[in-house]
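A structural walkthrough
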Amino acid sequence: MPAKPEFHTRTALATGLQALLRQLEERLALSQTVNVYLAGGMAVHLYTANRVTTDVDAEFGGRLLLPNDLMVEVTLEDGSPQVVYLDTNYNPTFALLHPDYLDDALPVDLGLQQLQVRVLSPVDLAVSKIARLADNDKEDIAALVRHGLTHADEIEQRANAALAGYIGGQAMLRLNLRDALALARAAAVDVSHPG
């Protein structure tokens, strides 16, 4: 992984995210700084600029009553209108996550006052996709690898460490991990042999 990945903060979706979080900041009238940890497709978009998602999966470093009516209309680069909104049902406890995922999240400056935005590291983002491993999760893992932000060995090491703390059956997770690693290795080959 590069020492410090460059975030794509000038895209339509990133601008919509910034406006959404600014609205949230205003609505909450925060009296102290709160960390916001971004996961999901929006986090992938900030790293790669090629994922289109409109829901924002965020974990907060404090207890907040989140309004469920926040949304921002954006026009994507292709001219299509979208609505960016905060997914108030997002719950990180269902994802496979390393115990240090919050500590290893990377700061991104979105020009906010009280909300300090951090993005899951690329490897933790990839690992978080393993439990569900739907088509968009597979695409996200491949995109992170193709952009040189993580690789199969790093994902495997981090996922195995995360599995040590996972409560419940691991059979499906291990099958998904196997598939995610095969996908990551194939994406790496695609990058090294384009065509």
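These numbers come from a predicted model, not from an experiment.

As a rule of thumb, nonpolar side chains are buried together in soluble globular proteins. Core analysis: the biggest nonpolar cluster contains 63 residues, and Leu38, Val56 and Ile155 have the highest contact counts within it. A per-element tally of this core places helix H1 (residues 12-28) first, with seven residues. Not counting the four nearest positions on each side in its chain, Val56 is found in contact with Leu17, Leu20, Leu38, Met42, Val84, Tyr85, Leu86 and Asp87.

This part takes up the pattern of salt bridges. In the structure shown here, the tally under the stated rule is nine salt bridges. For Asp69, the salt bridge goes to Arg27, with nearest N and O atoms at 2.8 Å. Highlighted residues: Asp69 in the loop between strand S2 (55-60) and strand S3 (71-75) and Arg27 in helix H1, separated in sequence by 42 residues. Here Arg185 makes a salt bridge to Asp153, at a shortest N to O gap of 3.6 Å. Of the two residues, Arg185 sits in helix H6 (residues 171-192) while Asp153 sits in helix H5 (residues 152-163), which places them 32 residues apart along the sequence. Residue Asp153 is classed as partly exposed on the basis of its relative accessible area of 49%. Connected through shared salt-bridge partners, Lys129, Arg132, Asp137 and Asp140 make up one network.

The next point concerns the sheet that holds strand S4 (residues 81-86). Taking strand neighbours across the sheet as the criterion, the six strands line up as S3-S4-S2-S1-S6-S5 in an open arrangement whose pairing is mixed. Sheet topology places S3 and strand S5 (106-107) at the edges, where each strand pairs with a single neighbour. As paired elements, S3 and S4 share five bridges and run antiparallel to each other. Bridging from a neighbouring strand, Val74 pairs with Gln82 of S4. H1 rests against strand S1 (34-39), S2, S3, S4 and strand S6 (115-119) of the sheet, and its axis sits at about 160° to S3.

One way to put it is that helix H2 (residues 40-48) packs onto helix H4 (residues 135-146) with a least axis distance of 10 Å and a crossing angle of 25°. Taken together, H2 and H4 sit at an angle that is classed as roughly parallel. Between H2 and H4 lies a crossing of left-handed hand. Across from Gly41, Val44, Tyr47 and Thr48 in H2, the residues of H4 making contact are Asp140, Ala143 and Leu144. The residue makeup of the contact of H2 with H4, split by class, is four nonpolar, two polar and one charged.

Turning our eyes to something else, we now look at the packing of aromatic side chains. Taken as a whole, this structure holds one aromatic pair when the rule is applied. Ring plane angle 40° and centroid distance 5.0 Å describe the contact between Phe7 and Tyr47, whose orientation is recorded as tilted. One end of the pair, Phe7, is in the segment before H1; the other, Tyr47, is in helix H2, with 40 residues separating them in the sequence. Comparing Phe7 with Tyr47 shows no difference in burial state: the two are buried.

The element H2 is largely enclosed, with a buried count of nine among its nine residues. Within the span of H2, buried status applies to Gly40, Gly41, Met42, Ala43, Val44, His45, Leu46, Tyr47 and Thr48. Backbone geometry just downstream of H2 places Ala49 in the positive-phi region, at approximately 65°.

Tracing the chain through its elements places Thr48 in helix H2. Those residues in contact with Thr48 that lie beyond four places of it in its chain are His8, Ala143, Leu144, His147 and Leu149.

Structurally, Asn176 can be placed in helix H6. Residues Asn176 and Arg132, 44 residues apart in the sequence, show an inter-C-alpha distance of 8.0 Å.

Structurally, Asp137 is set in helix H4. Leave out the neighbours within four places in its chain, and Asp137 touches Lys129 and Arg132.

Cut-off values and rules
- Residues numbered from 1 in each chain as written.
- Predicted model: local features only at pLDDT ≥ 70, side-chain atom pairs only at ≥ 80, totals over all residues.
- Heavy atoms only, no water.
- Core = buried A, V, L, I, M, F, W, Y, C linked by side-chain atoms within 4.5 Å.
- Buried < 20%, exposed > 50% of the residue type's maximum accessible area, 1.4 Å probe, protein only.
- Helix = DSSP H or I, 4+ residues; strand = E, 2+ residues; numbered from the N terminus.
- Contact = heavy atoms within 4.5 Å.
- Salt bridge = Lys/Arg side-chain N within 4 Å of Asp/Glu carboxyl O.
- Pairing = 2+ DSSP bridges.
- Axes fitted to C-alpha atoms, helices over the stretch in contact; angles between N-to-C directions.
- Parallel < 35°, antiparallel > 145°, perpendicular 65-115°, else oblique.
- Left-handed = near helix turned anticlockwise from the far one by under 90°.
- Nonpolar A, V, L, I, M, F, W, Y, C, P; charged D, E, K, R; others polar.
- Phe/Tyr/Trp six-rings, centres within 6.5 Å; stacked < 30°, edge-to-face > 60°.

Don't take any of this as a statement about function, it's just geometry.
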